Amino acid sequence: MMDSLRTAANSLVLKIIFGVIIASFILTGVSSYLIGGNNNYAAKVNGQEISRGQFENAVASERNRLQQQDRERFSEMAGDENFMKAMRQQVLSQLVDEALLDQYAKSLGLAISDDQVKQAIFQTQAFQANGKFDNQRFTGIVNQMGMSTDQYAQALRRQLTTQQLVNAVLGSEFMLPGETNQLAALVSQQRVVREATIDVNALAAKQTVSDAEINGYYEQHKDQFLAPEQFRVSYIKMDAAGMAENATDQDIQSYYDQHQEQFTQPERVRYSVIQTKTEADAKAALDELNKGADFAAVAKAKSTDIISAKNGGDMGWLEASTTPDELKNAGLKEKGQLSGVIKSSVGFLVARLDDIQLAKTKPLADVKDEIAAKVKQDKALDAYYALQQKVSDAASNDNESLAGAEQVAGVKAVETGWFGRDSLPAELNFKPVADAIFNGGLVGENGTPGSNSDIITVDGDRAFVLRISEHKPQSTKPLAEVKAQVTDIVKHNKAEQQARLDAEKVLAALKSGKGDAAMKDAGLSFGAPQTLSRTGQDPLSQTAFSLALPEKGKANYGIGSDMQGNVVLVALDEVKDGTMPETQKQVMVQRITQNNAQIAFEALMSSLRKEAKIKLGDVAQQQ
């Protein structure tokens, strides 16, 4: 696979494709990422400089990683100034940490030998051909990275040294076999319990509460009975899609005349090529062709361009902007005409002109419907933006209502019902609209109507102007409105309190050996035994594993609760040592040691940062 990619890198077809891509990068401003030649630096770590170029290269690498990771959301993230600023700060922090680790490794005398560096280079697959190290390939790739081979070796040495330190820290944590087995037994332990449930809801139904108790709870917990902020909004919606416009024959003809390039297929040429490494190979191929050999057969057999060779040398249709200069200057004028041997940047070529398509403009009749739709759309957008401006002016001039805006828009404003922050009507469910409503700028004093909004544009060529017609701030619900709710809460609280008191009395009797009578008096009985594991997240399991180990043949007792909020008496009868499969035990040990190692590594980095003298350069301070 790697060899195929390397061969493809010398493909004439790929060079054409790369040419198109590079041209588009230039047009879209990729040159803004290039670093100017100045002496500014990103940071100095104990006197060691992190250059501006090093920092910007690391930022570009992180941008590429994020784009590959989430292409759909990358544009949104890249457009977020705060996100990109945070990303750049994170990259700089990582570079500082790398410098600190490098310095610490040197202070410990950690070192990588020349032989280790050589072996790392020799074992890098990208530098190999047919499974063996290729020095020419190594040199070429490193030069493409903008480095000399010595610079690459030094950078690799630093990387290997730092990795040696990291591995030493992360590999220092371990667990003894005895510790592992004890922990595995503890983690997989099981407990056999019985439970007796006191139904809190049944007790709550029997409770009586006074008005004083209700008033007291209400006064102490008013924040539980809040009526959320409420809004009523009047709005006018403008939608370009709903603005029907006509396209006259004159409009269509005018658009056609002014946009001829859109309907013209430029001249296209089709070539087939045979690419070789040497001039002698190219001459041999040309001799075969002149003797009548089939071009496609020779291309498949001898062309080193693996892309076009599969297609018998055919390169497909090319326009002037994508045709290599070598082919333009080959002097091929007639279909079927062969070139001589052509020296090119990818080796040597023999080319054949297969076909020519002259520039051709589609007649108006063929594109009339397409143009009509485009003209209608453009006119609708023009009308939409003009209407936006008129409605905006009217809403600004008459800021006490939407009457003026309604007259200009030719529609009546729509008024919503009451809604809160979590129930925005679907027709207004756009972030810019929500921000305008909820940021407080359009709310009048004491619930009165406020100002008209500015024009609010949203996706899909739609826009709104709105005003908050009524507003209710967050408020406490009156007691009369929530009295039934408060009564139920007070009853439940009293019932839960009573249930715990009853449970504690029975628990005391159980521990003193008088449990049977106490259980009978309370109308309780323990259920069938059930086995619980330590991994259980329910309240009963939590209670069971909080109890002390029982004596042999004698239960231990405690109080807990169940998933329904009932009070539960728990009898712990037996504790069983669990078993853990060896593979699961290994995973457990690995996670614990990794976690401990990570803690140790973070402690090391924290200490290094605290003791370091770190100075940020202008590039970093301007972020």
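Anything mentioned here points back to the structure above.
Residues numbered from 1 in each chain as written. Predicted model: local features only at pLDDT ≥ 70, side-chain atom pairs only at ≥ 80, totals over all residues. Heavy atoms only, no water.

A. Looking closely at the nonpolar core. Residues V45, I50, F55, M87, V91, V96 and L100 are the most contacted members of the largest nonpolar core, which totals 23 residues. Ranked by residue count, the leading element in this core is helix α5 (residues 81-107), at nine residues. Contacts of M87, omitting those with residues within four sequence positions, involve V59, E62, R63 and L66. Among the nonpolar cores identified, the runner-up in size contains 19 residues, and L203, A204, L507 and M519 belong to it. (Core = buried A, V, L, I, M, F, W, Y, C linked by side-chain atoms within 4.5 Å. Buried < 20%, exposed > 50% of the residue type's maximum accessible area, 1.4 Å probe, protein only. Helix = DSSP H or I, 4+ residues; strand = E, 2+ residues; numbered from the N terminus. Contact = heavy atoms within 4.5 Å.)

B. Representation of the sheet that holds strand β7 (residues 230-239) in the model. Strand order in the open sheet made by the four strands is β14-β7-β16-β15, with antiparallel pairing throughout. Edge strands, defined here as strands with exactly one partner in the open sheet, are β14 (414-415) and β15 (456-458). Taken together, the 10 bridges between β7 and strand β16 (residues 462-472) define a ladder with antiparallel strand orientation. In the strand pairing of β16, Y235 is matched with L466. Packed onto the sheet, helix α19 (residues 431-438) meets β7, β15 and β16 and runs at close to 150 degrees relative to β15. (Pairing = 2+ DSSP bridges. Axes fitted to C-alpha atoms, helices over the stretch in contact; angles between N-to-C directions.)

C. Spotlight on the pairing of strand β1 (residues 41-45). Among the five residues of β1, four are classified as buried, and the element is accordingly described as predominantly covered. Bridging between β1 and strand β2 (residues 48-51) involves four bridges; their strand directions are antiparallel. Paired with V45 across the two strands is Q48, which belongs to β2. Between β1 and β2, which follow one another and run antiparallel, lie two residues, and N46 among them has a positive phi close to 50 degrees. Sheet topology note: the β1/strand β21 (residues 614-616) ladder contains three bridges and is antiparallel. Looking at the pairing, V45 lines up with I614 of β21.

D. Structural detail: the sheet that holds strand β9 (residues 268-276). Ordered by their spatial adjacency, four strands build an open sheet running β10-β9-β12-β11, and the pairing between neighbours is antiparallel. The two strands at the open ends of the sheet, each matched to only one other strand, are β10 (314-319) and β11 (342-344). Taken over all neighbouring pairs, the strand axes of this sheet differ in orientation by 45 degrees on average, direction set aside. Relative to β10, β9 runs antiparallel, the two sharing four bridges. The partner of R270 across the bridge, within β10, is W317. Lying over the sheet, helix α13 (residues 279-290) contacts β9 and β12 (347-357), oriented at roughly 40 degrees with respect to β12. In the packing of helix α14 (residues 295-302) onto the sheet, the strands contacted are β9 and β12, and the crossing angle to β9 comes to about 45 degrees.

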